[in-house]
Amino acid sequence: MKFSIAAIFAFLAVTTPSIAFAHESSSSSSESSSSNADKDSDSMQFPHFTAHSSNMTCSADDKTRPFNNQIRGVNLGGWLVLEPWITPSMFMQFLGGGVNTTAFDMYTFCEVLGPKEANKQLQRHWDTWLTQDIVEQLKDSGAVNSLRLPIGDFMYVPYGPYTDGCVDGALDRVDLLLDWAYANGMSVLLDIHTMKDSQNGFDNSGQSMGFSWTSALSSEFAGLTTFEHWPVRSAEWIGTFDPKTATYSDINEANMEHSLKVVEAVVKRYAGHPAVLGLEPVNEPWQYTPIKRLQKFYWDGYLIMKQHAPYWRYIMHDSFRFDTKIWGGFMAGCPERALDTHIYQAWKDPDSRIGYFTDACRKKGAIAAMEREFGPVIVGEWSLATDNCAMWLNGFNDNLPGFPRSPCKYTKCADPYMEGQPGTPVDPSKPLQGPYGTGMSGPVFGLCPGSRDWIKEKSGNPFQGRDWISAPPNVPTHLDDTDNVMRHLAVKKINAFSGIGHGFFFWNFRTDLYEPQWSYMAALERGWIPKGDLNGKEVAEACVREDGGAYRCVVKKGMHDGTIKDVLAYIYNVQNKTETDEAHDIFNKTGSDLYDAANTVIDTYFQEQRLAGVTCDFNGLTMLLEENVTLSDDDATGFSDDEYFTTKIIQNGPPLWVLIIGATLTAIVGAGLGFVVAMRTSKRFNRRVRSTALFKPLAKSRNKLIRSSLALDDLGYEEIADMSQVGRESSVPTF
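Nothing here was measured: the structure is a model prediction, and the numbers come from that model.

The rules behind these values
- Residues numbered from 1 in each chain as written.
- Predicted model: local features only at pLDDT ≥ 70, side-chain atom pairs only at ≥ 80, totals over all residues.
- Heavy atoms only, no water.
- Helix = DSSP H or I, 4+ residues; strand = E, 2+ residues; numbered from the N terminus.
- Buried < 20%, exposed > 50% of the residue type's maximum accessible area, 1.4 Å probe, protein only.
- Polar contact = N/O pair within 3.5 Å; in protein donor to acceptor, adjacent residues only side chain to side chain.
- Contact = heavy atoms within 4.5 Å.
- Phe/Tyr/Trp six-rings, centres within 6.5 Å; stacked < 30°, edge-to-face > 60°.
- Salt bridge = Lys/Arg side-chain N within 4 Å of Asp/Glu carboxyl O.
- Disulfide = S-S within 2.5 Å.
- Pairing = 2+ DSSP bridges.
- Patch = residues over 30% accessible without salt bridge, like charges linked within 9 Å, V, L, I, M, F, W, Y side chains within 5 Å.
- Areas by Shrake-Rupley, 256 points an atom, 1.4 Å probe, with all protein chains shown as cover.
- Lys, Arg positive; Asp, Glu negative; His and termini not counted.
- Charge placed at Lys NZ, Arg CZ, Asp CG, Glu CD.

Undergrad: I'd like to hear about the side chain of Asn283, residue by residue, with values.
TA: Turning to its location among the elements, Asn283 is positioned in the loop between β12 (276–280) and α6 (291–308). For Asn283, a relative accessible area of 0% gives the class buried. Side-chain polar atoms of Asn283 contact the side chain of Arg148, separated by 2.9 Å. Residue contacts for Asn283: discarding those within four places in its chain leaves Arg148, Asp191, Ile192, His193, Gln199, Asn200, Asn204, His342 and Glu381.

Put into structure tokens, the structure is as follows:
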């Protein structure tokens, strides 16, 4: 389907929340999108900027619109690119499989099943896993304005097992998704998730590279079928990897060319669709990728995209190296580009809730630094998981060495999300089945591993409590504090990733097994992620305790007066203050007076509007500056320390001294009752007691209750007389 450039601008204008970092041209829609050679041989002229290949930088013209809004998005993972942990129902059929009958990823799924059967299952999966109704539910949540869609490079330039029709129909699903998003006012980031020969060795790259069957070495253990992946993982997309030195001995230029052809095919196919936000040319190239060659690939892909879609956004993954020394200044001046970083806590060592809270909030410092040195930053993937327990998270029937770090919770495996899928539901009569990888993860007697629960601290003080260390993975209901911990963790992450940066995409929109820590829709249902626009005080002040400083949006030194006034004109126009005395006064200022006044206006506007989507960017004019301050409850009207102490105090019982006194009194009362019973039931015991010097006075007691309790005979006349005589004598005074 074709759409005009004017339609694109119209869509972006009415859906400002979906604009990540808009630098739109004010020129007419008839302006050509193709580039023309500049006077310099290394330069290319685009409608609103010039690209310089010699140093991979750009210079923009005065038609660039420099203002932007934030992304509040979710990933649509597991739909067009299979990952076993997201949709285990698609891979249950391979349990008990062998060397040539087990699939671990998208590549082997097509290879093992063959194109006809694989496509049959994929068609059913595509129609079920993501639907128009689900897209509408995401929109109705009140915050989601963008969708990150993982797509396969094989869908556009097929190779290997994809050439015979395995993924026929996948492109039609992309078209459907774009139309659904457009109808619901959401944008779509096209994320090329896979690369030929794998960019990281993970199954999410389409092919788990670095793989060895080791069954021959497991024959003594009842002939187990075993394999090894993580210790020998590799990634051959960019070249030949040497695991001994963790470097590349050569660059595979044929693969680079293949990937650029994919970029071109994607851009050409969807350049006219108004729902497209932009392109991410490769997802998660691993940390061993030669950085200079990767940056050259990014530059080449950017130029190709801009030739056919000049106003698309271009998002580049940081290659697991979120370092200003690497990315600072890269592609400086180039509009509509951003850096993607993925922030997970699932692979961290186990920690207390306070540790995870602090870690989440402090990410904003690194994001702010990158925003200053590079430009727009997007957290392209994050979740609420604090452990590695989700089944097959680290691969089908496999796990990283040493993972999971803590025992996982096992619950009944969820029913499959679609009917008729081979291997489902899970057979409850079978133990863990092969093939067996380096680590263990899989269904056991109908139970599947999943995320651990959080326990309430007995002390009621999470800062000091250590019960999380010894807590069982499946906490009894009355001790379960998971909802409380996850709710606070969610708002802290949203606070850290928005306002300071340019937004985020949660991973993932749903999961096959029940994993709210990884499912945006399930987290909404549990109340962990707030519904609505995420602009409330709950989010705004979520990190008050953890923040060591406050962030101000200030003008960079050395900016021209004219550029500063352009920003001020925009702010006053948005606020309908263009004709006010304040505006006229500030526009008459110059130099340092203008700089100081502009800082006040710009920072005030940023602080008031950042939760509504405004970022401290303004086309590179401003930067975030952290100031060390001490924040208190008085600084944030919606903040309360009580959020850290909402766990119910679980009583251990009375103090020790109370227990000692109680036990002593119980012993005394018990002994007394036993003595009375013995006195009444044993004549021999009774006589011996009465004959002792200690109890003789009691034997002569005239108290009826004592005599009855101790079974004493009634006093005779002579005994009474003697006692009376003694009483009289004792009463006569002596001189």
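Undergrad: I'd like a description of the packing of aromatic side chains, backed by residues and values.
TA: Counting across every chain of the model gives 41 aromatic pairs. Ring geometry for Phe241 versus Tyr288: centroids 5.7 Å apart, planes at 40 degrees, classification tilted. In this pair, Phe241 is assigned in strand β10 (residues 239–242) and Tyr288 in the loop between β12 and α6, connecting sequence segments 47 residues apart. Using a relative accessible area of 11% as the deciding quantity, one classes Phe241 as buried. A centroid spacing of 4.8 Å and a plane angle of 85 degrees characterise the contact between Trp382 and Phe506, whose relative ring orientation is edge-to-face. Highlighted residues: Trp382 in strand β15 (residues 377–382) and Phe506 in strand β18 (residues 503–506), separated in sequence by 124 residues.

Undergrad: How would you explain the pattern of salt bridges if you had to name every residue and give the values?
TA: When their charged atoms lie close together, side chains carrying opposite charge are able to pair. In this structure the tally under the stated criterion is 19 salt bridges. Residues Arg148 and Glu280 are paired through a salt bridge, measuring 3.1 Å at the closest nitrogen-oxygen approach. In this pair, Arg148 is assigned in strand β6 (residues 146–151) and Glu280 in strand β12, connecting sequence segments 132 residues apart. On the basis of relative accessibility, which here comes to 0%, the residue Glu280 falls in the buried class. We note a salt bridge from Asp467 to Lys458, for which the minimum N-O separation is 2.7 Å. By relative accessible area, Lys458 is classed as partly exposed at 35%.

Undergrad: So what's going on with helix α8 (residues 353–361)? Which residues, and what values?
TA: Where burial is concerned, most of α8 is hidden: nine out of the nine residues are buried. All buried positions along α8 are accounted for by Arg353, Ile354, Gly355, Tyr356, Phe357, Thr358, Asp359, Ala360 and Cys361. In this structure, the buried residues of α8 make contact with α9 (363–373) and α11 (482–497).

Undergrad: Please provide a residue-by-residue account of the state of the cysteines, values included.
TA: One pass over the structure, following the stated rule, counts five disulfides. Between the sulfur of Cys389 and that of Cys408 lies a disulfide, 2.1 Å long from S to S. As the torsion about the S-S bond is roughly -85 degrees, the Cys389-Cys408 disulfide counts as left-handed. Of this pair, Cys389 sits in the loop between β15 and β16 (409–412) while Cys408 sits in the loop between β15 and β16; the two residues are 19 residues apart in sequence, bridging distant segments of the chain. Across the pair, exposure class does not vary: Cys389 and Cys408 are buried alike. Here Cys413 pairs with Cys448 through a disulfide, and the sulfurs are 1.9 Å apart. As the torsion about the S-S bond is roughly 100 degrees, the Cys413-Cys448 disulfide counts as right-handed. In this pair, Cys413 sits in the loop between β16 and β17 (447–450) while Cys448 sits in strand β17, placing the two residues 35 residues apart along the sequence. As far as burial versus exposure is concerned, Cys413 and Cys448 are alike and both buried.

Undergrad: An account of the pairing of strand β5 (residues 71–75) is requested, with residue identities and associated values reported.
TA: Within β5, five of the five residues are buried, which leaves the element mostly enclosed by the surrounding structure. On β5, burial covers both faces: Ile71, Gly73 and Asn75 on one face and Arg72 and Val74 on the other are all buried. With four bridges joining them, β5 and β18 adopt parallel strand pairing. Opposite Gly73, over in β18, you have Phe505 as the bridge partner. Across three bridges, the pairing between β5 and β6 is parallel.

Undergrad: Provide a residue-level description of the environment of Met186, including the pertinent values.
TA: You can see Met186 is positioned in the loop between α4 (170–183) and β7 (187–192). We classify Met186 as buried; its relative accessible area is 0%. Residues Met186 and Leu277 lie 91 residues apart in sequence; the distance between their C-alpha atoms is 9.1 Å.

Undergrad: Can you lay out the environment of Ile354 for me, pointing to particular residues and giving the numbers?
TA: Tracing the chain through its elements places Ile354 in helix α8. What makes Ile354 buried here is its relative accessible area of 14%. In sequence terms Ile354 and Val485 are 131 residues apart; their C-alpha atoms lie 9.4 Å from each other.

Undergrad: Got a sec to walk through unusual backbone geometry? Specific residues and values, please.
TA: Along the chain, Phe403 connects to Pro404 via a cis peptide bond; the corresponding omega equals 0 degrees. By secondary structure assignment, the location of Pro404 is in the loop between β15 and β16. For the bond running from Thr424 to Pro425, omega is -5 degrees, close enough to zero to count as cis. Summarising the element assignment, Pro425 is placed in the loop between β16 and β17. Positive phi is not limited to glycine here, since Ala246 has a value of about 55 degrees. Looking at where Ala246 falls in the secondary structure, it is placed in the loop between β10 and β11 (247–251). The backbone of Phe320 sits at a positive phi, close to 60 degrees, despite the residue not being glycine. For Phe320, the location among the structural elements is in the loop between β13 (313–317) and α7 (324–327).

Undergrad: I'd like a description of a positive patch on the surface, backed by residues and values.
TA: A surface patch of positive charge is lined by Lys683, Arg684, Arg687 and Arg688. Among the secondary structure elements, Arg687 is positioned in helix α18 (residues 683–691). For Arg687, a relative accessible area of 52% puts it in the exposed group.

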